[in-house]
Amino acid sequence: MAFTLPELPYAYDALQPYMSKETLEYHHDKHHQAYVTNGNNLLKGSEWENKSLEEVVKGSFGKNAGLFNNAGQHFNHIHFWKWMKPNGGGSLPGTLEKAVTSSLGSVDKMKEEFIQAGVTQFGSGWCWLAVKDGKIVVQKTPNGESPLVHGATPILGCDVWEHSYYIDYRNRRPDYLKAFVDHLVNWAHVAEMYQQATK
Ligand code: MN3
């Protein structure tokens, strides 16, 4: 199935001051669009042409780097837009809070580990909360990889490629990650993905 660029689920200026209109215009309209366009060109005529996006991502990993990078980033960004919302952050829904506490000790500890994973991802990549063997784990991955290709199901991810924060935060990646966790995350959506992953 051909990839298509989804609309942002909010206005371009809706995440200010934590993520600017300019960042979202470049990040969504240019970067995500490029993954869609390049991914479609590489998908054409490949053995994955009629597969779902998740199947393309998993199947092309380690086999077709060009297709994997673009399909992986398409998958990651589709979710990234939905993992944020205006006036995000705040407290976690009860079911998710319970699961986080039992897997990682406490909500504060989860936030700290998640931010630390993003800060220490050398170069471009992502930090994640994922479900692995029924537990919530923190992961970090380079470039377009995600927990999907590491035996886990992602329920929250933060893009730490420079294009995601350089306009607003310059080199201050830790400040961007803290703002993401405190003011942007749509925890209700993360809780829904947790339910799906543990069904
Ligand atoms: Mn990006």
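Residues numbered from 1 in each chain as written. Predicted model: local features only at pLDDT ≥ 70, side-chain atom pairs only at ≥ 80, totals over all residues. Heavy atoms only, no water.

What follows covers the coordination of the manganese ion. Protein ligation of the manganese ion involves H27 (NE2), H77 (NE2), D159 (OD) and H163 (NE2), the donor distances falling in the range 1.9 to 2.1 Å. Along the chain, the residues donating to the manganese ion are arranged with the sequence spacing H-x49-H-x81-D-x3-H. With a gap of 82 residues between them, H77 in helix α3 (residues 65-82) and D159 in strand β3 (residues 153-159) connect regions that are remote in the sequence. An identical accessibility class is assigned to H77 and D159; each is buried. (Donors = N, O, S within 2.8 Å, 3.2 Å for Na, K, Ca; no water. Helix = DSSP H or I, 4+ residues; strand = E, 2+ residues; numbered from the N terminus. Buried < 20%, exposed > 50% of the residue type's maximum accessible area, 1.4 Å probe, protein only.)

Its domain assignment divides the protein chain into domain 1 (21-82) and domain 2 (94-197). Opposite the 19 residues of domain 1 that make contact, domain 2 presents 23 residues. Summing both sides of the interface, domain 1 and domain 2 together bury roughly 1700 Å²; the carbon and sulfur share of this comes to 67%. Looking only at domain 1, the three residues that lose the most surface to domain 2 are T23, N76 and F80, adding up to 31% of its buried area. (Domains from an automatic or database assignment. Contact = heavy atoms within 4.5 Å. Buried area = accessible area lost by both parts, 1.4 Å probe.)

Before going further, it helps to examine the sheet that holds strand β1 (residues 125-132). Strand order in the open sheet formed by three strands is β2-β1-β3, with antiparallel pairing between adjacent strands. A single partner strand is all that each edge strand has here, and the edge strands are β2 (135-142) and β3. Strand after strand, the sheet turns through a mean of 25° between neighbouring axes, direction not considered. Sheet topology note: the β1/β2 ladder contains eight bridges and is antiparallel. Within β2, the position partnered with W128 by the bridge is Q139. Its contacts with the sheet put helix α8 (residues 187-197) on β1, β2 and β3, and the angle it makes with β3 is roughly 150°. (Pairing = 2+ DSSP bridges. Axes fitted to C-alpha atoms, helices over the stretch in contact; angles between N-to-C directions.)

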